[in-house]
Amino acid sequence: MTQSSSLKRQSKFALAVYLAFVIAVVGTVSYFVVEPPIRDQLIRNLDSRSQIISSEIQSSLESPLGILQSIVSVGNTGKNPQLQAEMLQSLFRVIDGVAVSGGLWPKPDATDANQPYKSQFFNRAKDGKIDRIYSWDNPATGGYDGESWYTEVVDKPIGTVVWSSVYIDPFTHVQMITASSPYYVDNQFAGVATVDLSLESLVDYVKRHAQQHELGVLIRDGNGDVVIEHNYKIVEGIYISEQKFGDFGWTIDVVNANRLVSDQAYDIVTKVEMGIIPIMLLCVLIGYVVINRSLIDPIAHIAREVDDSKHGGLINLNYRNDDEIKHLIDVFNQKTVFLEQEKKKALASTRAKSAFLATISHEVRTPMNGVLGTAQILLKTDLTPEQRKHLKTLYDSGDHMMMLLNEILDFSKIEQGHLELERAPFPLESILGSINSVYYTLCAEKGLKFAIESDISKLRWYISDKARLRQILFNLLNNAVKFTSHGAITVSFAEVEMEGRNYLNIKVTDSGVGIDSSALDKIFKPFVQAESSTTRRFGGTGLGLAIVKQISELMNGDISVQSKLGEGTTFDVLLEMEICPPAQTEVREHKKLDYTGLKVLIVEDNRTNTIIIKSFMAGKGFECHCVGDGEQAVEAVQNSQFDLIMMDNHMPRKDGITATQEIRALSCAGADTLIFGCTADLFKETQERMMAAGVDGIVSKPIDEKELDDLLYRHSDKLYQFKPLHGSQTRVPFNAEEQLVSLYIAVEDRKPDDAHQILSKMFSHFEHNEESDAGALLAPLVKQKQLPSQQELDVLTVLLKDA
């Protein structure tokens with residue numbers, strides 16, 4: 001069921017396209033609508049993480065400033081250094097956290113010139129023990145008043161806090177940072193108070209936080225030195241959350257350690273889509289099932305009914321809904337009844353048309369056989385020049401009429417699909433030679449120049465239908481000669497390769513009347529010419545170009561035309577041609593045998609045809625016996641011995657096919673007599689039936705004497721089966737002068753095929769004469785298949801002068 005299955009396939013395809021469209025829309029909307037806010041939110045989340053970390057660090061570092069102020073207060077009292085030391089020691093016992101050391105750094109020489117440095121610096125060890133450190137009091141080390149944490153706050157206002165760079169404590173090997181502030185006694189700068197903060201716990205906090213949230217963190221101090229770095233990697237397209245925090249001027253950079261923000265956004269959007277799309281698909285599938293049951297299945301059911309009823313039945317479907325489908329069923333049934341009636345009329349018309357064509361073919365060819373046959377016979381008699389001219393005109397007119405009839409029959413075969421192409425190897429050069437020999441003369445008679453241009457090797461051979469190729473060329477060239485009164489006609493050949501196939505490109509160009517642009521689209525239509533006056537002026541059926549187009553398409557090609565009114569026309573033909581290696585050229589020599597004493601039985605119901613055939617055969621030396629139908633032919637063969645039977649097909653009482661079958665079924669020797677089917681019916685089916693009945697060959701009417709001679713020669717063995725052929729009978733008297741003249745003409749016209757045929761004929765005359773020098777000279781000339789040189793012609797002329 002082609003229709004319903006196709007509808008279901010289309011619905012499934014439409015569903016697939018719709019689903020793909022929905023998925024694409026969802027993906028596009030997600031990418032352009034959903035993804036940006038998600039990406040922005042992820043960026044804000046990263047900024048929040050950066051702010052949390054920086055806030056924690058800032059809080060951890062600024063909370064010990066209270067301790068620093070306490071130390072400054074101790075220094076501001078100006079009390080005894082010993083008392084101050086006790087107060088500081090007590091302070092460091094009670095504090096905890098990141099502040100691990102600190103103290104007072106009095107101004108040098110403030111109390112004792114002999115001991116300029118008297119720091120009160122205390123350190124809280126890990127076990128909680130408070131130690132006083134005196135290492136900075138040694139003048140030999142340079143003193144503490146030259147350190148940056150000291151010098152940066154000297155004479156600065158009360159409350160000033162200066163942060164040092166991050167450094168590594170030489171004793172604990174822990175990252176540290178120092179906050180320093182000046183203190184004053186009686187409004188005079190007295191020294192510097194410091195507190196040292198350990199960054200160990202902050203580093204641990206940052207690492208834990210970064211690992212927990214898959215972050216990369218980079219913290220730099222105010223000088224740009226790296227304080228903390230954890231899993232911090234920069235890649236192209238990554239988002240960096242950067243913040244500066246605290247009075248100490250630190251900066252923090254935070255990135256996603258494992259994925260880009262865009263990747264995270266894409267993953268979230270994908271998860272959203274994976275949740276939405278299945279729901280949408282389910283909804284679409286449910287909708288499809290509903291549509292399929294309510295619409296597609298009924299239509300598919302109707303299509304099956306239509307398929308079952310396409311040979312004439314009606315749609316018998318119990319469809320109750322009064323809708324468009326019901327209307328479709330009713331209209332279809334009405335159309336079916338109407339078309340059945342029209343089909344019967346069309347079949348009757350087609351049969352009548354075929355019968356008419358077969359009849360007209362036979363009925364026209366039968367009298368034309370008399371016309372052309374009589375003309376051929378009379379042309380062999382002694383005639384005055386005026387009589388021969390008129391008779392030749394009569395023969396040409398009849399031949400032209402047969403050409404028109406053949407065009408009609410060819411087009412009928414094409415129209416019915418009965419035209420078949422043959423496939424046989426042939427050289428392109430043989431086509432060029434034939435069209436040159438015909439149209440060079442025709443053009444010369446009208447004062448036209450004729451030229452053949454070929455870019456193809458002279459050794460090129462094709463496998464195709466040579467006769468149809470020649471028919472295309474003759475049709476186009478006939479038109480060119482017909483419609484050109486002055487100028488030139490050119491036919492060019494070239495090869496074109498397209499999609500791995502070889503094509504022969506033929507262009508026929510003339511300088512004739514041309515074709516109006518409005519008529520170009522109809523010249524390839526049957527029975528149509530460029531203008532109504534064309535038929536009156538030039539004649540023709542209007543089928544030539546239609547046949548050319550149809551044959552071109554049968555040969556997997558095409559034809560196009562370019563023309564300008566009054567300037568000429570170019571037809572461009574493209575035909576698929578299979579290239580094949582050159583084969584041995586078969587040189588067929590037209591030979592005549594001696595038919596004296598042979599008996600021929602002419603089976604023909606038409607009196608004129610009987611006279612024509614009898615004249616042909618009697619002129620060749622046959623003894624002729626004539627009968628009017630197939631029944632008489634069978635009786636004649638039973639009663640007499642004949643060497644040849646010329647059997648017509650369409651006859652009263654018994655046709656040629658039946659008569660041939662009965663003759664072949666006889667038990668006498670006459671059953672094997674040579675039989676030629678002689679028919680005016682050119683339909684392939686008729687000729688195939690005659691061959692199947694047992695005829696040995698077909699001679700078409702009107703009879704062409706050369707065609708008949710060739711057929712007799714090919715079947716000479718069977719023709720002489722009852723009267724053996726003597727060697728002396730096989731040859732026509734050899735006229736050396738006539739052969740030499742023909743050879744000179746062929747050489748002058750550059751026709752190697754004609755020259756080769758003449759040389760072969762000469763060689764066949766001398767090949768059995770071992771003493772002949774002519775035979776020795778002719779043998780290599782025949783073998784090389786080339787035009788002889790002037791020297792070879794001169795030698796051959798001398799050798800044949802007495803032949």
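Position numbers for residues start from 1 in each chain and track the written sequence from start to end. It should be noted that, the model being predicted, local features are given only for residues of pLDDT at least 70 and side-chain atom pairs only at 80 or more, the latter also being counted only at that level, while totals for whole chains, interfaces and linings use all residues. Hydrogens and water molecules were not included; the side-chain quantities draw on all heavy atoms of the structure.

As recorded by an unreviewed UniProt entry, the protein carries the name histidine kinase and is attributed to Vibrio panuliri. UniProt positions are given in the numbering used here, feature names are shortened, and annotations may be inferred rather than shown by experiment. The UniProt entry for the protein carries the following comment under Catalytic activity (unreviewed entry): "ATP + protein L-histidine = ADP + protein N-phospho-L-histidine."

A. Representation of the overall build of the protein in the model. The number of helices and strands found in the protein is 22 helices and 24 strands. Two residues qualify as a contact provided that any one of their heavy atoms is within 4.5 Å of a heavy atom in the partner residue. Contacts in the protein between residues far apart in sequence, at least 24 positions, make up 65% of those at least 6 positions apart. Areas reported as accessible are Shrake-Rupley estimates using a 1.4 Å probe. Residue values count occlusion only from the protein chains shown. Counting every atom, the protein has about 43200 Å² of accessible surface; 53% of that belongs to carbon and sulfur. For the purposes of this entry, the term helix denotes a DSSP run of H or I that reaches at least four residues, the term strand denotes a run of E that reaches at least two, and both are numbered from the N terminus.

B. Structural view of the UniProt feature "modified residue: 4-aspartylphosphate" (unreviewed entry) in the protein. Annotation from UniProt places "modified residue: 4-aspartylphosphate" (unreviewed entry) at D648. Mapped onto the fold, D648 is located in the loop between β22 (644–647) and α15 (656–664).

C. Spotlight on the pattern of salt bridges. For salt bridges, the criterion is a side-chain nitrogen of Lys or Arg within 4 Å of an Asp or Glu carboxyl oxygen. Applying the stated criterion to the full structure yields 14 salt bridges. The salt bridge partner of R460 is E495, with a shortest N-O separation of 2.7 Å. Remark: E495 occurs in strand β15 (residues 488–498) and R460 occurs in the loop between β13 (449–454) and β14 (461–464); sequence separation between them is 35 residues. Burial here depends on accessible area, computed with a 1.4 Å probe over protein chains only, as a share of the maximum for the residue type. Under 20% is buried, over 50% is exposed, and the range in between is partly exposed. Exposure remark for E495: the relative accessible area of 28% places this residue in the partly exposed category. The residue D558 makes a salt bridge to K549 at a minimum N-O spacing of 3.3 Å. For K549, a relative accessible area of 22% gives the class partly exposed. What emerges from the salt-bridge pattern is a single network uniting R664, D672, D696 and K718.

D. Structural context of unusual backbone geometry. Look at D186: it is not a glycine, yet its phi comes out positive at around 50°. Tracing the sequence through the fold places D186 in the loop between β6 (175–185) and β7 (188–198). Non-glycine residue N187 carries a positive phi angle of around 65°. Position of N187 relative to the elements: it lies in the loop between β6 and β7.

E. Broad picture of the packing of helix α9 (residues 428–445) against helix α10 (residues 466–482). Convention adopted: a line fitted to C-alpha atoms gives each axis, helices being fitted over their contacting stretch, and angles between N-to-C directions are expressed from 0 to 180 degrees. With their axes 11 Å apart at the nearest point, α9 and α10 run at an angle of 20° to one another. Between α9 and α10, the angle is such that the two are roughly parallel. Where α9 crosses over α10, the handedness of that crossing is right-handed. Residues S430, I431, S434, I435, V438, Y439 and C443 of α9 form the contact with α10, whose participating residues are K466, L469, R470, L473, F474, L477, N478 and V481. For classification purposes, an angle smaller than 35 degrees is called roughly parallel, one larger than 145 roughly antiparallel, one from 65 to 115 roughly perpendicular, and anything else oblique. The handedness criterion is simple: a crossing whose near helix is rotated anticlockwise from the far helix by less than a right angle is left-handed, and one whose near helix is rotated clockwise is right-handed.

F. View of the sheet that holds strand β16 (residues 501–510). The mixed open sheet is built from five strands, whose spatial order is β13-β15-β16-β18-β17. Unpaired on one side and paired on the other, β13 and β17 (558–564) mark the two borders of the sheet. On average, each strand axis in the sheet is inclined to that of its neighbour by 15°, with strand direction left out of account. With ten bridges connecting them, β15 and β16 associate as antiparallel partners. In the sheet register, T490 faces β16, and the bridge partner there is T509. Contacting β13, β15, β16, β17 and β18 (568–576), α10 crosses the sheet at an angle of about 20° to β16. Helix α12 (residues 544–554) rests against β17 and β18 of the sheet, and its axis sits at about 140° to β17. Strand pairing is assigned whenever DSSP identifies at least 2 bridges connecting the two strands.

G. Representation of the pairing of strand β9 (residues 226–230) within the structure. Bridge count for strand β8 (residues 215–220) against β9 is four bridges, and the pairing is antiparallel. Counted as the bridge partner of R220 is V226 from β9. What sits between β8 and β9 in their antiparallel hairpin is a turn of five residues, with G224 showing a positive phi close to 90°.

H. Looking closely at the environment of S434. One can find S434 in helix α9. As a C-alpha pair, S434 and R470 span 36 residues in sequence and 8.7 Å in three-dimensional space.

I. Highlighting the nonpolar core. In plain words, nonpolar cores are sets of buried Ala, Val, Leu, Ile, Met, Phe, Trp, Tyr and Cys residues tied together by side-chain atoms within 4.5 Å. With 45 residues, the main nonpolar core has I57, L61, V217, I219 and W250 as its most contacted residues. With six residues, helix α2 (residues 65–76) is the single largest residue contributor to this core. Listed in part, the 39 residues of the second largest apolar core include I431, L448, I523 and F524.

J. Looking closely at the sheet that holds strand β19 (residues 578–580). Strand order in the open sheet formed by three strands is β12-β14-β19, and the pairing between neighbours is antiparallel. Looking at the sheet topology across the chains shown, the edges are occupied by β12 (424–427) and β19. This sheet shows a mean twist of 40° between the axes of neighbouring strands, independent of strand direction. Across the sheet, α9 lies against β12 and β14, angled at about 60° from β12, the strand it touches most.

K. Main features of the confidence of the model for the protein. Predictor confidence is given residue by residue as pLDDT, running from a minimum of 0 to a maximum of 100. On average, residues of the protein score 78 in pLDDT, and 76% of them reach the 70 mark or higher. The low-confidence segment residues 1–5, where pLDDT is below 50, has nine contacts with residues more than four positions distant or belonging to other chains. Taken as a whole, residues 585–590 scores under 50 in pLDDT and shows 15 contacts with residues more than four places along the chain or in a different chain.

L. Seen up close, helix α17 (residues 705–714). When α17 is considered as a whole, its buried residues turn out to be E705, L708, D709, L711 and L712. End-on, the buried residues of α17 take up no more than an arc of 165°, which puts them together on one face. Think of it as the arc spanned by the lines of direction from the helix axis to the C-beta atoms.

M. Just a nonpolar patch on the surface, in detail. Patches here are clusters of residues that have more than 30% relative accessible area and form no salt bridge, with a 9 Å joining cutoff for like charges and a 5 Å cutoff for nonpolar side chains (Val, Leu, Ile, Met, Phe, Trp, Tyr). Taken together, the side chains of Y18, F21 and V25 make up a nonpolar region of the molecular surface, amounting to roughly 300 Å² of accessible area. Structurally, the position occupied by Y18 is in helix α1 (residues 2–62).

N. Fine view of the pairing of β18. Burial runs high along β18: seven of the nine residues are buried. Strand direction decides the pairing type here: β16 and β18, joined by eight bridges, are antiparallel. Its bridge partner being in β18, Y503 is matched across the sheet by E576. Sheet topology note: the β17/β18 ladder contains seven bridges and is antiparallel.

O. Structural view of the packing of α10 against α12. Look at α10 against α12: their axes get within 10 Å of each other, and the N-to-C directions meet at 145°. Judged by the sense of rotation from one axis to the other, the crossing of α10 with α12 is left-handed. In contact with R468, Q471, I472, N475, L476 and N479 of α10, α12 contributes G544, L545, I547, V548, I551 and S552. Of the residues in the contact of α10 with α12, the class split is six nonpolar, five polar and one charged. Under the scheme applied here, ten amino acids are nonpolar (Ala, Val, Leu, Ile, Met, Phe, Trp, Tyr, Cys and Pro), four are charged (Asp, Glu, Lys and Arg), and all others, including Gly, are polar.

P. Representation of the packing of aromatic side chains within the structure. Two rings from Phe, Tyr or Trp (for Trp, the six-membered ring) form a pair when their centres sit within 6.5 Å of each other. Planes less than 30 degrees apart are called stacked, planes more than 60 degrees apart edge-to-face, and all others tilted. Evaluated as defined, the whole model comprises 13 aromatic pairs. Relative to F189, the ring of Y150 has its centre 6.4 Å away and its plane inclined at 80°; by these criteria the two rings are edge-to-face. Taken together, the residues Y150 in helix α4 (residues 148–151) and F189 in strand β7 connect sequence positions 39 residues apart. The exposure classification of Y150 matches that of F189, with both residues buried.

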